[in-house]
Amino acid sequence: MTIPPPAPTAPILRAAQPTDAGRLGAILFQAQQRARWLPKLYAEVEMIAFCGVMIDRGWVTVAVQNGVIQGFVARDGAEICSLYLAAGACGQGLGAALMDAAKDTAPMLWLRVIAANEAARRFYLRQGFREAGRSDGSDTAEALPNIRFEWHDFCQKETAA
């Protein structure tokens, strides 16, 4: 008889710690490998180092579920630099929880999504982001067309007025 895995618990959001860089880098690397439209520019060790830099700068919040980091968001001021979930963690509300945490700390957020990433585009539209511009991607490492999305907390602005 096979024992089913435990039901997912509510995620715990916390600031990333330096020891989390390996798990975050693995999540980022796996996402790169799964995206057929994305050039494979970086090795996993480079992604771990990149995540370490973001953690050291205090940009990263992780979502922990059943004791395992299942996703993260990295935010530099108003810019969402990264939001990634582990394989199999989509559709459980983790991305929305991470985005809600970012929204709670800023009246405006912005990010860029590679135009070919339809799932991310749909996610951000569901989260209240709106398209604010397009680029041919010549200013990014991937050199792929991208879309700038912005989110504004209009309720907060109206209340403050």
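Residues numbered from 1 in each chain as written. Predicted model: local features only at pLDDT ≥ 70, side-chain atom pairs only at ≥ 80, totals over all residues. Heavy atoms only, no water.

K.L.:
Help me understand the overall build of the protein chain in this model?
P.N.:
The helix and strand tally for the protein chain stands at five helices and seven strands. Taken over C-alpha atoms, the radius of gyration comes to 16 Å for the protein chain, in line with the 15 Å a tight globule of 161 residues would show. Referenced to the eigenvectors of the C-alpha coordinate spread, the extents of the protein chain come out at roughly 60 × 40 × 35 Å. Each of the 161 residues in the protein chain was classed as buried or not, and the buried ones make up 38%. Taking contacts inside the protein chain between residues at least 6 apart in sequence as the whole, the part at least 24 apart equals 58%. Surface exposure of the protein chain reaches about 9200 Å², of which carbon and sulfur atoms provide 56%. (Helix = DSSP H or I, 4+ residues; strand = E, 2+ residues; numbered from the N terminus. Rg over C-alpha atoms; globule rule 2.2 N^0.38 Å. Buried < 20%, exposed > 50% of the residue type's maximum accessible area, 1.4 Å probe, protein only. Contact = heavy atoms within 4.5 Å. Areas by Shrake-Rupley, 256 points an atom, 1.4 Å probe, with all protein chains shown as cover.)

K.L.:
I would appreciate a short explanation of the layout of surface pockets in the present structure.
P.N.:
Picture a little ball the size of a water molecule; that probe, rolled over the atoms, points out where space is still empty. In this structure, the largest pocket occupies an estimated 1500 Å³ of space. Where the lining of the largest pocket is concerned, the elements lending two or more residues are helix 1 (21-34), helix 2 (44-56), strand 4 (79-85), helix 3 (94-103), strand 5 (108-114) and helix 4 (118-126). Its residues assigned to classes, the lining of the largest pocket shows 30 nonpolar, nine polar and eight charged. Around the second largest pocket, the lining is made up of 13 residues, and of these Gly58, Trp59, Val60, Thr61 and Arg75 lie nearest the centre. Of all elements in the fold, only helix 2, strand 2 (60-65), strand 3 (68-76) and helix 3 reach the threshold of two or more residues within the lining of the second largest pocket. When the residues that make up the lining of the second largest pocket are grouped by side-chain class, the tally is nine nonpolar, three polar and one charged. (1 Å grid on protein atoms, 1.4 Å probe; cavity = no way out; pocket = protein on both sides within 12 Å on 5 of 7 lines; lining within 4 Å. Points joined across faces, edges and corners; volume = space filled by probe spheres on them. Nonpolar A, V, L, I, M, F, W, Y, C, P; charged D, E, K, R; others polar.)

K.L.:
It is not clear to me how the pattern of salt bridges should be interpreted in this structure. Could you clarify?
P.N.:
A full pass over the atoms with the stated rule returns four salt bridges. Measuring nitrogen to oxygen at the nearest pair gives 2.8 Å for the salt bridge that ties Asp20 to Arg14. The exposure class assigned to Asp20 is buried, which follows from its relative accessible area of 7%. According to the relative accessible area criterion, Arg14 is partly exposed, its value standing at 26%. Glu131 is paired through a salt bridge with Arg134; the nearest N and O atoms lie 2.7 Å apart. (Salt bridge = Lys/Arg side-chain N within 4 Å of Asp/Glu carboxyl O.)

K.L.:
I keep staring at the packing of helix 1 against helix 2 and nothing clicks. Help me out?
P.N.:
When two helices pack together, their arrangement is given by the angle between the helix axes and the distance between those axes. Interhelical geometry of helix 1 versus helix 2 gives an angle of 125° and a closest axis separation of 8 Å. On the basis of the axis angle, helix 1 is oblique to helix 2. Taken as a pair, helix 1 and helix 2 cross one another with a handedness that is right-handed. Across the interface between the two elements, Ala21, Gly22, Leu24, Gly25, Ala26, Leu28, Phe29 and Gln32 from helix 1 touch Glu44, Met47, Ile48, Phe50, Cys51, Gly52 and Ile55 from helix 2. Grouping the constituent residues of the contact of helix 1 with helix 2 by class yields ten nonpolar, four polar and one charged. (Axes fitted to C-alpha atoms, helices over the stretch in contact; angles between N-to-C directions. Parallel < 35°, antiparallel > 145°, perpendicular 65-115°, else oblique. Left-handed = near helix turned anticlockwise from the far one by under 90°.)

K.L.:
What is the right way to look at unusual backbone geometry in this model?
P.N.:
Most of the time, phi is negative for any residue but glycine, and the peptide bond is trans. One non-glycine residue, Asn66, lies in the positive phi region at around 50°. Here Asn66 is to be found in the loop between strand 2 and strand 3. Judged by its relative accessible area of 39%, Asn66 falls in the partly exposed class. Positive phi values are uncommon outside glycine, yet Ala143 reaches one of about 55°.

K.L.:
When you look at the packing of aromatic side chains in this model, what are you seeing that I'm missing?
P.N.:
By convention here, two paired aromatic rings are described through the distance between centres and the angle between planes. Taken as a whole and judged by the stated rule, the model has three aromatic pairs. Through a chain of ring-to-ring contacts, the aromatic side chains of Phe123, Tyr124 and Phe129 assemble into a single cluster. Across from the ring centre of Trp110, 4.1 Å away, lies the NZ or CZ of Arg148, which sits over that ring. (Phe/Tyr/Trp six-rings, centres within 6.5 Å; stacked < 30°, edge-to-face > 60°. Lys NZ or Arg CZ within 6 Å of the ring centre and 35° of its normal.)

From the geometry alone we can't say anything about function, so treat these as descriptive.
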